[in-house]
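Structure at a glance
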Amino acid sequence: MKKYFRLGFAAIAVALFFNAFVVTETKAQGGLSEVLKRMEAHRKSLTSLRADVRMVKFDSVLKESDTYEGTTVYLPTKGRDALVRIDWTKPAKETLSVVNGQYVIYRERLKQAITGSAKDAKGGGKANNALAFMNMSKEQLNANYAVTYLGKETVSGGIETWHLELKPKTAQKYKSAELWVDGNGMPIQAKVVENNNDTTTVLLSNLQKNIDLKASVFKLNLPKGTKVVPS
């Protein structure tokens, strides 16, 4: 079951792209100030998103990586957490949905659904505690993270990005997070580095922004006979 909790935290990493880094009040200068300005403008203009998603989880002890591929949809909601859904296609078909702070991971081949509170999610998640980014205000983020501009980098697909690093100012279960932001202010890649140096990297591609996307898409209608397992 630990493996599937890890998949669950991919939704957190994806959601991190959209809601996390609204830091227009930071004392950043130069390149960082411009990046954050564009991110804030992009956040305000983004009403929905559909994209392909690729997640690579690296085990620093075994020196091995697991790769997952699928599609994701995202819908911001006023006064509530954003709605996120990931439909994994490789290495196995699984669906994860986060609605109103509650997650459901449906494993089709086992007819099993794991449910729980995203806020209280624990276990072996490789993006563990990254969920905190989703709900932080500008003031909270500035108080809790030191943001550093690392320069320009090209990510998979030949897209030029700005590379940012965020380090928590107090002890967490991860040591840092990184973002790669495109010229429109859209974070298209994120990486979470745990204290044991394990990493989770999530890349978005084939972006479709501000499309017609209904909230009903995020509600999983579990087939009859599905065994529901609380986390």
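Structure shown above.
Here's what I pulled together on the structure shown here. (Residues numbered from 1 in each chain as written. Predicted model: local features only at pLDDT ≥ 70, side-chain atom pairs only at ≥ 80, totals over all residues. Heavy atoms only, no water.)

Tracing the chain through its elements places arginine 85 in strand 3 (residues 83-90). Within the structure, the side chain of arginine 85 is placed 3.0 Å from the side chain of aspartate 87, a separation counted as a polar contact. (Helix = DSSP H or I, 4+ residues; strand = E, 2+ residues; numbered from the N terminus. Polar contact = N/O pair within 3.5 Å; in protein donor to acceptor, adjacent residues only side chain to side chain.)

Structurally, leucine 96 is set in strand 4 (residues 94-99). By relative accessible area, leucine 96 is classed as buried at 2%. Sequence separation of leucine 96 and tyrosine 106 is 10 residues, and the distance between their C-alpha atoms is 6.4 Å. (Buried < 20%, exposed > 50% of the residue type's maximum accessible area, 1.4 Å probe, protein only.)

This part takes up unusual backbone geometry. Residue proline 91 follows lysine 90 across a cis peptide bond; omega there is 0 degrees. With respect to the element layout, proline 91 can be found in the loop between strand 3 and strand 4. A positive phi angle, near 50 degrees, is found at lysine 111, a position not held by glycine. Positionally, lysine 111 belongs in the loop between strand 5 (102-107) and strand 6 (112-117). Despite not being glycine, asparagine 197 has its phi angle at roughly 75 degrees, a positive value. Structurally, asparagine 197 is set in the loop between strand 10 (187-194) and strand 11 (199-209).

Attention now goes to the pairing of strand 2 (residues 64-75). It is a general feature of regular strands that their side chains alternate between the two faces of the sheet. Inspection of the sheet shows strand 1 (residues 49-59) paired to strand 2 by 11 bridges, in the antiparallel sense. By the bridge assignment, arginine 54 is partnered in strand 2 with glutamate 69. Once strand 1 ends, the chain turns through four residues before running back antiparallel as strand 2, passing lysine 63 with a positive phi of about 60 degrees. The pairing of strand 2 with strand 3 spans seven bridges and is classified as antiparallel. By the bridge assignment for strand 3, glycine 70 is matched with tryptophan 88. (Pairing = 2+ DSSP bridges.)

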